[in-house]
Protein chains: 2
Amino acid sequence: MIAGTGTRPRVLIIGSGFGGLFAARALKRVDVDVKLIARTTHHLFQPLLYQVATGIVSQGEIAPSTREVLARQRNVEVLLGDVTEIDLASRTVTAETFGQVHTHGYDQLIVAAGADQSWFGRDEFALHAPGLKSIDDALELRGRIFGAFELAERAGAESRPADVERFTTFVVVGAGPTGVEMAGQLAELSGRTLRHEFRHIDPASARIVLLDAAPHLLGSFDAKLQRKTHAALHKLGVEVRLGAKVVEVDETGLDVEDPSGRTRIDAATKVWAAGVAASPLAEQLAGQVGVEVDHSGRIPVLPDLTLPGHPEVHVVGDMISLDSLPGVAQVAIQGARHSVAEIRRSLGGEETGRAFRYKDKGSMATISRFRAVAEVGSVKITGFLAWLMWLAVHLVYIIGFKSRITTLLHWFVSFIGRGRSERAVTEQQTFARVERQRQEA
Amino acid sequence: MIAGTGTRPRVLIIGSGFGGLFAARALKRVDVDVKLIARTTHHLFQPLLYQVATGIVSQGEIAPSTREVLARQRNVEVLLGDVTEIDLASRTVTAETFGQVHTHGYDQLIVAAGADQSWFGRDEFALHAPGLKSIDDALELRGRIFGAFELAERAGAESRPADVERFTTFVVVGAGPTGVEMAGQLAELSGRTLRHEFRHIDPASARIVLLDAAPHLLGSFDAKLQRKTHAALHKLGVEVRLGAKVVEVDETGLDVEDPSGRTRIDAATKVWAAGVAASPLAEQLAGQVGVEVDHSGRIPVLPDLTLPGHPEVHVVGDMISLDSLPGVAQVAIQGARHSVAEIRRSLGGEETGRAFRYKDKGSMATISRFRAVAEVGSVKITGFLAWLMWLAVHLVYIIGFKSRITTLLHWFVSFIGRGRSERAVTEQQTFARVERQRQEA
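Small disclaimer: the values here were computed from a predicted structure and weren't measured.

Let's talk about the side chain of Thr66(B)
All names here are of chain B. The topology assignment puts Thr66 in helix 4 (residues 66-70). Taking relative accessible area as the criterion, Thr66 reaches 1% and is therefore assigned buried. Contact partners of Thr66, with chain neighbours within four places excluded, come to Ser16, Leu21, Leu36, Thr41, His42, His43 and Val78.

Comments concerning the packing of aromatic side chains
A full pass over the atoms with the stated rule returns 20 aromatic pairs over all chains. Measuring from centroid to centroid gives 6.1 Å for Phe384(A) and Trp387(A), while their planes differ by 20 degrees, and the two rings are stacked. One end of the pair is Phe384(A) and the other is Trp387(A), both in helix 11 (residues 383-402) and three residues apart, which spans about a single turn. Residue classification places Phe384(A) among the partly exposed residues on the basis of a relative accessible area of 46%. On the numbers, 4.8 Å between centres and 90 degrees between planes, the contact of Phe370(B) with Trp387(B) is edge-to-face. Pair noted here: Phe370(B) is in the loop between strand 22 (363-368) and strand 23 (371-376) and Trp387(B) is in helix 11 (residues 383-402), with a separation of 17 residues, a long-range link. Residue Phe370(B) is classed as partly exposed on the basis of its relative accessible area, which comes to 32%. With a relative accessible area of 2%, Trp387(B) lands in the buried category. Among the aromatic residues, those joined into a ring-pair cluster are Phe370(A), Phe384(A), Trp387(A) and Trp390(A). Its end group placed over the ring of Phe167(A), Arg166(A) keeps NZ or CZ at 4.7 Å from the ring centre.

A few points about the interface of chain B and chain A
Accessible area lost on assembly of the parts is the figure often given for the size of an interface. The interface of chain B with chain A comprises 70 residues on the first partner and 70 residues on the second. Here chain B meets chain A over a buried area of about 6,400 Å², counting both sides, of which 53% is carbon and sulfur. Among the residues chain B hides against chain A, the three largest losses belong to Arg67(B), Phe98(B) and Arg199(B). Together they make up 12% of the total. Counting across the chain B and chain A interface gives four salt bridges. The closest approach of N and O atoms between Arg423(A) and Glu68(B), which form a salt bridge, is 3.7 Å. There are 23 residue pairs in polar contact (both at pLDDT 80 or more) connecting chain B and chain A. Secondary-structure elements contributing two or more residues to the side of chain B that touches chain A are helix 3 (59-62), helix 4, strand 4 (76-80), strand 6 (92-97), strand 7 (100-105), helix 5 (135-157), helix 12 (405-416) and helix 13 (427-440) of chain B. The element best represented in the side of chain B that touches chain A is helix 5 of chain B, accounting for ten residues. Among the residues forming the side of chain B that touches chain A, the class breakdown is 20 nonpolar, 26 polar and 24 charged.

Some points on the domain arrangement of chain A
Residue and element names in this part refer to chain A. You can read the domains of chain A as domain 1 (2-39 + 81-117 + 276-347) and domain 2 (123-274 + 369-437). When each unit is reduced to the centre of its C-alpha atoms, the spacing between domain 1 and domain 2 is 32 Å. Listed per partner, the contact involves nine residues of domain 1 and nine residues of domain 2. In total, about 720 Å² of surface goes out of reach between domain 1 and domain 2, with carbon and sulfur atoms giving 57% of it.

A look at helix 7 (residues 177-193) of chain A
Because an α-helix packs 3.6 residues into every turn, residues spaced three or four apart end up facing the same way. Its 17 residues give helix 7 of chain A an end-to-end C-alpha distance of 22 Å, which sits within 8% of 24 Å, the value for a rise of 1.5 Å per residue. Extensive coverage of helix 7 of chain A is indicated by the burial of 13 of its 17 residues.

So, unusual backbone geometry
The phi dihedral of Ser159(A) falls on the positive side, at around 50 degrees, and the residue is not glycine. The residue Arg91(B) is not glycine, and still its phi comes out positive at about 50 degrees. Classification of Arg91(B) as partly exposed rests on a relative accessible area of 36%.

Remarks on a positive patch on the surface
Residue and element names in this part refer to chain A. Together, Lys224, Arg227, Lys228, Lys235 and Arg371 give the surface a local cluster of positive charge. Per-element accounting of the positive patch gives the leading share, four residues, to helix 8 (residues 223-235). With respect to the secondary-structure elements, Lys224 resides in helix 8. Relative accessible area serves as the criterion here: at 40%, Lys224 is assigned to the partly exposed category.

Here's the deal with helix 7 (residues 177-193) of chain B
Burial runs high along helix 7 of chain B: twelve of the 17 residues are buried. Along helix 7 of chain B, the residues classified as buried are Gly179(B), Val180(B), Glu181(B), Met182(B), Ala183(B), Gly184(B), Gln185(B), Leu186(B), Ala187(B), Glu188(B), Leu189(B) and Ser190(B).

Section: the packing of helix 5 of chain B against helix 7 of chain B
All names here are of chain B. Between helix 5 and helix 7, whose axes approach to 13 Å, the crossing angle comes to 35 degrees. For the pair helix 5 and helix 7, the crossing hand works out as right-handed. Taken together, the residues of helix 7 that come into contact with helix 5 (itself represented by Ile145, Phe146 and Phe149) are Met182, Leu186, Leu189 and Ser190. Among the residues forming the contact of helix 5 with helix 7, the class breakdown is six nonpolar, one polar and no charged.

Regarding the pattern of salt bridges
Here the idea is simple: oppositely charged side chains can pair when their charged atoms come close. According to the stated counting rule, one finds 49 salt bridges over all chains in the structure shown. Ionic pairing is found between Asp255(A) and Arg262(A), a salt bridge with its closest N-O pair at 3.0 Å. Residue classification places Asp255(A) among the buried positions, given a relative accessible area of 12%. Glu342(B) is the partner of Arg345(B) in a salt bridge, and the nearest nitrogen-oxygen pair spans 2.7 Å.

Comments concerning the pairing of strand 8 (residues 108-111) of chain A
Residue and element names in this part refer to chain A. Side chains Gln108 and Ile110 project from strand 8 onto one buried face, and the interleaved Leu109 and Val111 project onto a second face that is buried too. Of the pairings in the sheet, the one linking strand 2 (residues 10-14) to strand 8 comprises four bridges and is parallel in character. Each bridged residue has a counterpart across the sheet, and for Ile14 the counterpart in strand 8 is Val111. With three bridges connecting them, strand 8 and strand 20 (residues 310-315) associate as parallel partners. Note that in strand 20 the partner of Val111 across the bridge is Val315.

Some thoughts on the sheet that holds strand 20 (residues 310-315) of chain B
All names here are of chain B. Within the open sheet, the six strands sit side by side as 4-3-2-8-20-19. Their pairing is mixed. With partners counted over all chains shown, the strands left at the sheet margins are strand 4 and strand 19 (306-307), one partner each. Where strand 19 meets strand 20, two bridges bridge the pair, whose relative direction is antiparallel. Pairing of Thr306 across the sheet is with His314, part of strand 20.

Rules used in this analysis
- Residues numbered from 1 in each chain as written.
- Chains lettered and ligands numbered in written order.
- Predicted model: local features only at pLDDT ≥ 70, side-chain atom pairs only at ≥ 80, totals over all residues.
- Heavy atoms only, no water.
- Helix = DSSP H or I, 4+ residues; strand = E, 2+ residues; numbered from the N terminus.
- Buried < 20%, exposed > 50% of the residue type's maximum accessible area, 1.4 Å probe, protein only.
- Contact = heavy atoms within 4.5 Å.
- Phe/Tyr/Trp six-rings, centres within 6.5 Å; stacked < 30°, edge-to-face > 60°.
- Lys NZ or Arg CZ within 6 Å of the ring centre and 35° of its normal.
- Buried area = accessible area lost by both parts, 1.4 Å probe.
- Salt bridge = Lys/Arg side-chain N within 4 Å of Asp/Glu carboxyl O.
- Polar contact = N/O pair within 3.5 Å; in protein donor to acceptor, adjacent residues only side chain to side chain.
- Nonpolar A, V, L, I, M, F, W, Y, C, P; charged D, E, K, R; others polar.
- Domains from an automatic or database assignment.
- Expected span 1.5 Å × (residues − 1).
- Patch = residues over 30% accessible without salt bridge, like charges linked within 9 Å, V, L, I, M, F, W, Y side chains within 5 Å.
- Areas by Shrake-Rupley, 256 points an atom, 1.4 Å probe, with all protein chains shown as cover.
- Lys, Arg positive; Asp, Glu negative; His and termini not counted.
- Charge placed at Lys NZ, Arg CZ, Asp CG, Glu CD.
- Axes fitted to C-alpha atoms, helices over the stretch in contact; angles between N-to-C directions.
- Left-handed = near helix turned anticlockwise from the far one by under 90°.
- Pairing = 2+ DSSP bridges.

Okay, structure coming up:
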C-alpha cells in the first residue's frame, strides 16, 4: 500500500533528530504535505545524554515528544517507523512499525537519519563499553555507574581491595566534547555527590581515566582551550591519557597501547565516546547513485546537499561527508534549513542548486557545573562565563521546542541544583545484565 | 561470612519502602548499628507510580536514592541485596547482590519487604496486564500506553477501524485508589494532552474502562465519596463497570463475567491494579514459627507486631495480617515507628510487648488534576480542596526525604503544569516486546 496521495507536493523526512525536526518546522508555512518518519517517538537532545547517564536530568527532559513539538503544525504527519528501504527510482520509502511494513511515496525527500556509535570494527566492545547515542544507552550507563559503586561497597565490606579498585575505576574512551563532559561529571559524582553515602569505600578516591588516541583532547577546539580543559580536568582528579589507543575491552577492563607500550587498566565501567558511523541508509543511497561512503559510512553529497541525479533527495546532518563538516547539531539544523529553502525554490519554479554554506556558530563543552569552555569565532571563553553561555544556549533551544514555562523551570532547577535527583535504575538494568553475564559465563 | 560484628546492638531492616525507610530514620538517635538491606537502590513512592506510567513525572522524582536519604545518618549502612533467607534460630539473614551471597547477623530484625502485585493465581495474565508496583512496571506501562496510540494512528492511516478501537481501548482492572487514579489520568491523557497530536485518529474518543469485581469503587471509602468519584469519572468519560470479574486476559483483550453473563472487551492495553501478594518472606517466616499466611500471603503477627516466640523480630507494613489493616503507607510508617519504640524499650530494659494502635489519618485519591476525594475521620472533602490536601501531603513527604528545594520545585512544577514532559520510552520498551511477541507467535 502506498500512503500519502494528496494533491499537494509530498515532502518526506526521515529522522527526528536536529536535522529532521528543524526541517519539519522550517516547512511550517510551505504549502506541502509533510511526513516525518522516525524510529523513536521523541526528538533527542543527544549532547545532554551524559546528564541522563549521571543522574542530573530525566530522559524526558532531553527527549521531548516529536508529536507534541509538531502537534499544531497541521501540514505535518508524524509516523513511528524504522526505515528499511529508500527506492530512489520509484521515489518510495519503506518502513516497519511494530512489525508492520508500510510504503510512502514522496516528491521531495529529506534524509536525516543521523549516526550511531562506532567501535571501529570491534562491535564486540559494545557490550562492555556502551556508547552514548540513545536513551537506552544513557539509562544503561546510569545503571552501570551507580551499580559499580554498589559493587564496590560490597567488595569493601568483604575486604576485597582489588575489586574495590576495579569497581571504582571509570574509563571514558574518546576525549571529544561528550567524553570530556562525561569524565567531568563522573569526577563530580564521585568527588562530591556520593561523598557521605558509603560506609566501606570512599567514592572520592574513584579513578576516572579519559583516553584518546589523538594527541589532544577536544580536537576541534583551539589549543588554548584544550590546555585550559586539560588543566580543569586534572584539577577535578581526572587522569587524561592522550595518544593512547584502546586495543582490547572486556568485562574487567581494557588494554591500551601508547608509545611506551601496552598497559592494562582494570575497570568495571567503560564508556565509549569515540567514533560514529552514519546510518546504514547512507550506504544504501550511495549504492543507488554510484558513490562510495567514507570510513565513517557517510555519503558524499553535492554542494547543495542533494544526491547526483536526484535534486529531489536532500541529505543532512551526521550522514553526509562534505567539506569536513563536524558532526554537530548546527550542521544538521543549518543543512535542514538549506534543504527546505531549496525545496521552496523548486516549488516556486526558481533556480535551485545553491551551495550549502555552513556558518560556524562556535562550539562549547561543559567541564563541570559552573565551568565550561567555548569558542565563538576568534573569541575564546572559559570558566563561569562560558558555562552561562552554555546554559543560555540550551535553555533557548528547549524553549524553542516546548514553549512551556514548566519545562524551562524543570531544566533550570536541574542545571542550577546540586542534586542528582535522577538516579533511579530499573530492576531490568540492575539484575538482568548480571543474569545475562552469568548465563554467558 | 557473617558481616556486622560490632559491639553495639545490631538492628537489621529488610526493605526500603515506607516501613523500612521510616524505621531507619526513627533509629537515628538510638545507639545501635543499623543495616538496611533492599532489592533496589531507591525508596519508591508507590502511590505515584501511575504518574510515571502516564508521563507526568520521571521515575527519579518518585524514587529518591535510599543512600542519599540516609547519607548523613552515620549509624546506618545501606546494602543492595535480595534477601533469600531469614533464619530465626541462628538470627541471620542471607542476601544476594549481583550473584554474590552474604549473610548478616542481627539482634533485632525489622522485616518490611512489602507486597507485590497478585493476579489471584493467574500469573499468566501478568504479561498482558502488568501491575503497578515497581519502576519497571510503570515504565513498561508508559511504553504500552503511548505505544498503543502509535499503533492506533498506524491502523487509522490504513483504514482498519477495528484495530483503531482495540488500540484505543484501555482497561484498568481494580477500582481502588490506584485504579481510579490510573483511569482518571488515562482520560486526561487521551481527552486533553494528546488532542492535537494525531492525524488519523481522535485520541479523545479513546475508551477507558474501569472494572472491579466488588459492587463499589474505592471500597474502603465512605459511600458519598464513592458516588462523587463515580460521577467525576463518568464526567471524564470513564466507563465504570462494577461487579465485573475478569476471567481471561490475552494479547488482544479480556473476558469479563458479570450477572448479565460473559462479555469480551477488545483492548490492547490492560493495567492490573487489583490484588496484592505479600513478599514470599512472609511465608518463610510463618513456616518457622508455625503459623499460616492468609490468602494474600500475609503473616499473622502478635498485637505488638512481633512473631510468636521471637520478640526480636518485628514485621511491618503490607506483609502483615492484623486487625484488617489496609495496605497503605501509613500502616507501614506507624508500624515502623512502633517497632523502633519497642526496640528502644527493649534496649533500655523496659517492658516491651505494647500493642500497635493504628491511627487512621485518612485516605485520599486524585481523580484528575485539581480534583480529588479525601476523608479524614468523619470529614469528607471533594474537588479542588481535596486536591490541595493531596498536593500538600505529598509535598510534605518529599521534603521529609530530600530536603532539597530543587526537588520540591521539580515536583511542584510537575503537579501544577499541564505538561506530560516525561513521555520518553526506551527502544527496549518500544521494540523488544514486539520482537518477543513475534517470536512467541
